[in-house]
Amino acid sequence: PDDALAVDREAVRIAAHRVLVDPSAALVQPADALAALRKALVMRRPPEGLIHHSDRGSQYCSVDYQAELHRHGITRIYGNGKAFSALTSTGGVVAWGRAEYGGTIPAGKTTSLASGVLSIYHTDRAFAALKTGGTVMVWGHAGHGGSPGAAVEAHLMSGVHTICSNDAVFVTSKTDGSVVSWGH
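So, here is what we can say about the structure in this document. Bear in mind the structure is a predicted one, so any value in this text is a computation, not a measurement. All chains use their own residue numbering, which begins from 1 and follows the written sequence. Whole-chain, interface and lining totals are the exception, using all residues; otherwise, since this is a predicted model, local features are given only for residues with pLDDT of at least 70 and side-chain atom pairs are given and counted only at 80 or more. Note that the side-chain values use all heavy atoms of the structure and ignore hydrogens as well as water.

1. A short note on helix H1 (residues 30-44)
Quick note on the threshold: Secondary structure is summarised from DSSP: a helix means a run of H or I of at least four residues, a strand means a run of E of at least two, and numbering begins at the N terminus for each. What a helix should span is 1.5 Å times the count of its residues minus one. Remark: exposure states derive from per-residue accessible area (1.4 Å probe, protein chains only) relative to the maximum for the residue type, with buried under 20%, exposed over 50%, and partly exposed in between.
The end-to-end C-alpha distance of H1, which contains 15 residues, comes to 21 Å, matching closely the 21 Å that a straight helix rising 1.5 Å per residue would cover. Asp-32, Ala-33, Leu-34, Ala-36, Leu-37, Ala-40 and Leu-41 are the residues of H1 that are buried. One or two steps after H1, the chain reaches Arg-45, where phi turns positive at roughly 40°.

2. Overview of the pattern of salt bridges
Short version of the rule: Note on definitions: salt bridges are taken to be side-chain nitrogens of Lys or Arg within 4 Å of carboxyl oxygens of Asp or Glu.
One pass over the structure, following the stated rule, counts 3 salt bridges. Residue Glu-68 pairs with Arg-38 through a salt bridge whose shortest N-O separation is 3.3 Å. With Glu-68 in helix H3 (residues 63-71) and Arg-38 in helix H1, the pair connects residues that are 30 residues apart, well separated along the chain. Overall, Glu-68 belongs to the buried group, its relative accessible area being 6%. Glu-100 is the partner of Arg-98 in a salt bridge, and the nearest nitrogen-oxygen pair spans 2.6 Å. Residues joined by salt bridges that share partners form a network here, namely Arg-38, Glu-68 and Arg-71.

3. Side note on the sheet that holds strand S3 (residues 51-53)
Rules: Strands qualify as paired when DSSP identifies two bridges or more between them. Axes here mean lines fitted to C-alpha atoms, for a helix over just the part in contact, with angles spanning 0 to 180 degrees between N-to-C directions.
With mixed pairing, 4 strands are arranged side by side in an open sheet as S3-S4-S5-S6. Each of the sheet's edge strands pairs with one partner strand only, and the pair in question is S3 and strand S6 (93-97). The average undirected angle you get between the axes of adjacent strands in this sheet is 25°. Pairing geometry for strand S4 (residues 75-79) and strand S5 (residues 83-87), over 4 bridges, is antiparallel.

4. A few points about the layout of surface pockets
Worth spelling out the cut-off: Using only the protein atoms, space was sampled on a 1 Å grid; points where a 1.4 Å probe fits but cannot get out form cavities, open sets with protein on both sides within 12 Å along at least five of seven lines form pockets, and lining residues are those with an atom within 4 Å of a point. Grid points are joined across faces, edges and corners, and a volume is the space filled by probe spheres set on the points. For this classification, Asp, Glu, Lys and Arg are treated as charged, while Ala, Val, Leu, Ile, Met, Phe, Trp, Tyr, Cys and Pro are nonpolar and the rest, including Gly, are polar.
Estimated volume of the second largest pocket: approximately 170 Å³. Forming the boundary of the second largest pocket are 18 residues, of which Val-63, Gln-66, Leu-118, Ser-119 and Leu-130 lie nearest the centre. Breaking the lining of the second largest pocket down by element, the ones donating at least two residues are H3, strand S7 (117-122), strand S8 (126-131) and strand S10 (160-165). Classifying every residue of the lining of the second largest pocket gives 8 nonpolar, 8 polar and 2 charged.

5. Some remarks on a nonpolar patch on the surface
As a reminder, the rule being used: Here the term patch refers to residues with relative accessible area over 30% and no salt bridge, with like charges joined within 9 Å and nonpolar side chains (Val, Leu, Ile, Met, Phe, Trp, Tyr) within 5 Å. Each accessible area value is a Shrake-Rupley result obtained with a 1.4 Å probe; residue values ignore everything except the protein chains displayed when judging cover.
A cluster of nonpolar side chains, Phe-84, Val-94 and Trp-96, forms an exposed patch at the surface whose accessible area comes to about 260 Å². Within the secondary structure, Trp-96 is located in strand S6.

Quick look at the structure:
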């Protein structure tokens, strides 16, 4: 079996878990991660100011999971080893770390990333933010998705539903059924 866990680091204990016993389910599914999160929130009733960090697994990037974090005002932090971005409870983005890895938001994007961000995704050298209305903003190393070029950026201006990433590539699915990818 596999597990979806929510760990309370302050109390140094597991706050909630969901054991997956289906042998055909090789990975933690979004519904299981969401169930563990909800159970932890009910059992622990965390105070305001809670910070959430996870790996880049798709179960933690699901729209429902991100919405649950937002609903509870939880600040989400994402890192790629050399830079970090935080999605605040008010929907703004704060970045720090090495600029070439996305640790600095370019001046032309700071206003756009000050509010309306739903979720953040990352490669090992860049970040992408999904905004309300389906717009995507990216920053970081050009070869790892931080600068997709004008042709791709035109497809990121509206209609993006979800984003996934690996070490060097971002992939989006759009509400019209199309898929857009960029990076190496």
